[in-house]
Amino acid sequence: MPLELLNQNEQTGLTATKTLLSHKVFVILCLLGFFTGTLTAIMTYMNLGYTEHFLMDWFSSFLSSLLVIPIGFLVMAVITKLINQKYPLLSELQRNLITGTIMAVIMEAVMSCSTAINNIGLADLGNFYQGWLAGYLGSLPVGLAIMVIMSLTIKPKIEAFIRS
């Protein structure tokens, strides 16, 4: 480390340390848990209303939605690559907003499907579809708001944290 940088770090109290992988994983899991938990709570409420069993219904929907998150990472990687290739002249922020919007639409649909399967089942496809649509439309505004917040503020900080 150059002497000027070392002196600057000593003056500001900063040290050049690597963040442990376990800390990085913990932060990502906490964010995923918060966002998935919030969205599945809205979807469960839209499917069943607030009942005495709401917490158990929500928790089982939350757990089933966590199973689709790895698929979401793969889809996000593909979409990010496609957006970066198709729109190289856009700013990174613009590409992040496009990617985030597409991901919000896709992930809300998938999570709403898993929540409706969990809460309503597939025995009556009409009820399933109504539950899926209610959950999707009820959670989509929140998912899009989360996407904007993530793209504008949290994502750059998380990426810097992951690189550290």
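Residues numbered from 1 in each chain as written. Predicted model: local features only at pLDDT ≥ 70, side-chain atom pairs only at ≥ 80, totals over all residues. Heavy atoms only, no water.

(A) Here's a closer look at the overall build of the chain. On a plain count of helices and strands, the chain comes out with six helices and zero strands. Tracing the chain from N to C terminus, the helices and strands come up as α-α-α-α-α-α. Across the 164 residues of the chain, 29% fall into the buried class. Carbon and sulfur atoms make up 72% of the accessible area of the chain, which totals about 10400 Å². (Helix = DSSP H or I, 4+ residues; strand = E, 2+ residues; numbered from the N terminus. Buried < 20%, exposed > 50% of the residue type's maximum accessible area, 1.4 Å probe, protein only. Areas by Shrake-Rupley, 256 points an atom, 1.4 Å probe, with all protein chains shown as cover.)

(B) Summary view of the confidence of the model for the chain. Looking at the chain, the pLDDT average stands at 86 and 90% of residues meet or exceed 70. Within the chain, the element-level pLDDT minimum falls on helix H1 (residues 3–12), averaging 47, and the maximum on helix H3 (residues 54–66), averaging 94. For residues 1–10, every residue scores under 50 in pLDDT, and the model assigns this stretch five contacts once sequence neighbours within four places are set aside. (pLDDT = per-residue confidence, 0-100. Contact = heavy atoms within 4.5 Å.)

(C) Highlighting the packing of helix H2 (residues 21–48) against H3. Taken N-terminus to C-terminus, the directions of H2 and H3 make an angle of 125°; their axes are 9 Å apart at the nearest point. Accordingly, the angle class assigned to the pair H2 and H3 is oblique. Like other packed secondary-structure pairs, H2 and H3 cross with a definite hand, here right-handed. Touching Gly-33, Thr-36, Gly-37, Thr-40, Ala-41, Thr-44, Tyr-45 and Leu-48 of H2 are Phe-54, Asp-57, Trp-58, Ser-61, Phe-62, Ser-65 and Leu-66, all from H3. Of the residues contributing to the contact of H2 with H3, the split by class is seven nonpolar, seven polar and one charged. (Axes fitted to C-alpha atoms, helices over the stretch in contact; angles between N-to-C directions. Parallel < 35°, antiparallel > 145°, perpendicular 65-115°, else oblique. Left-handed = near helix turned anticlockwise from the far one by under 90°. Nonpolar A, V, L, I, M, F, W, Y, C, P; charged D, E, K, R; others polar.)

(D) Fine view of the nonpolar core. Ranked by size, the top nonpolar core spans 11 residues in total: Phe-35, Leu-39, Met-43, Val-68, Ile-69, Ile-79, Ile-83, Met-103, Met-107, Met-111 and Ile-146. Breaking this core down by element, the ones donating at least two residues are H2, helix H4 (69–86) and helix H5 (92–119). If you look at the next biggest cluster of nonpolar residues, it comprises five residues, including Phe-128, Trp-132, Tyr-136 and Leu-140. (Core = buried A, V, L, I, M, F, W, Y, C linked by side-chain atoms within 4.5 Å.)

(E) View of the packing of H4 against H5. Where H4 contacts H5, the axes come no closer than 10 Å and their chain directions differ by 145°. Helix-helix and strand crossings are classified by hand; for H4 and H5 the assignment is right-handed. Facing Ile-69, Gly-72, Val-75, Met-76, Ile-79, Thr-80, Ile-83 and Asn-84 of H4, the residues of H5 in contact are Arg-95, Ile-98, Thr-99, Ile-102, Met-103, Ile-106 and Met-107. Of the residues that constitute the contact of H4 with H5, the class distribution is 10 nonpolar, four polar and one charged.

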